Amino acid sequence: THVCELSHQSLAEMAMLGNHCARRERMLREIMCVDGISWGQAHEVVTAFDEFNERYYWLETFPYRLGITMAFLGGVASIALVFWR
């Protein structure tokens with residue numbers, strides 16, 4: 001059974017247990033109810049939300065990516081420095 005086939009009660013229980021698909025389906029149903037649109041159109045709205053939320057993803061994660069890269073390069077350099085004769 002797919003989450004789109006579940007009742008509101010079952011969907012709410014699964015969402016409270018942390019099921020990501022159930023949470024997304026609840027958001028879709030809420031959008032459908034508030035905006036009065038179909039399930040397919042609600043997916044387009046959620047896709048627009050996703051695009052909006054990920055606009056600055058690379059900028060926000062750049063310090064972490066830089067840190068991981070520098071740690072890797074530091075590890076390689078330290079091995080070269082230790083074993084260089």
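Let me sum up the structure you'll find in this document. (Residues numbered from 1 in each chain as written. Predicted model: local features only at pLDDT ≥ 70, side-chain atom pairs only at ≥ 80, totals over all residues. Heavy atoms only, no water.)

**Details of the overall build of the chain**
- Along its length, the chain carries four helices and zero strands.
- Along the chain, from the amino end to the carboxyl end, the secondary structure elements read α-α-α-α.
- The C-alpha atoms of the chain give a radius of gyration of 22 Å, which is well past the 12 Å a tight globule of 85 residues would have.
- Looking at the chain as a whole, 14% of its 85 residues qualify as buried.
- When contacts within the chain are restricted to residue pairs at least 6 apart in sequence, those whose partners lie at least 24 apart make up 12%.
- Counting every atom, the chain has about 7,200 Å² of accessible surface; 64% of that belongs to carbon and sulfur.
- Counting 7 positive and 10 negative side-chain charges, the chain places the averaged centre of each group 13 Å from the other. (Helix = DSSP H or I, 4+ residues; strand = E, 2+ residues; numbered from the N terminus. Rg over C-alpha atoms; globule rule 2.2 N^0.38 Å. Buried < 20%, exposed > 50% of the residue type's maximum accessible area, 1.4 Å probe, protein only. Contact = heavy atoms within 4.5 Å. Areas by Shrake-Rupley, 256 points an atom, 1.4 Å probe, with all protein chains shown as cover. Lys, Arg positive; Asp, Glu negative; His and termini not counted. Charge placed at Lys NZ, Arg CZ, Asp CG, Glu CD.)

**Points about the side chain of Glu25**
- Structurally, Glu25 can be placed in helix H2 (residues 20-35).
- Contacts of Glu25, omitting those with residues within four sequence positions, involve Val3, Cys4, Leu11 and Trp39.

**Here's the deal with the packing of H2 against helix H3 (residues 39-53)**
- Here H2 crosses H3 at 115 degrees, and the two axes come no closer than 9 Å. Judged by the inter-axis angle, H2 sits roughly perpendicular to H3. H2 and H3 meet at a crossing whose hand is right-handed. On H3, the residues touching Arg24, Glu25, Met27, Leu28, Ile31 and Met32 of H2 are Trp39, Ala42, His43, Val45, Val46, Phe49 and Asp50.
- For the contact of H2 with H3, the per-class residue count stands at nine nonpolar, one polar and three charged. (Axes fitted to C-alpha atoms, helices over the stretch in contact; angles between N-to-C directions. Parallel < 35°, antiparallel > 145°, perpendicular 65-115°, else oblique. Left-handed = near helix turned anticlockwise from the far one by under 90°. Nonpolar A, V, L, I, M, F, W, Y, C, P; charged D, E, K, R; others polar.)

**A closer look at the packing of helix H1 (residues 8-16) against H2**
- Closest axis-to-axis distance for the H1/H2 pair is 8 Å, and the angle between their directions is 130 degrees. If you check the angle between H1 and H2, you find them oblique. In this structure, H1 meets H2 at a crossing whose hand is left-handed. When H1 is examined against H2, the residues His8, Leu11, Ala12, Met14 and Ala15 are found in contact with a partner set consisting of Ala22, Arg23, Glu25, Arg26 and Arg29.
- Its residues assigned to classes, the contact of H1 with H2 shows five nonpolar, one polar and four charged.

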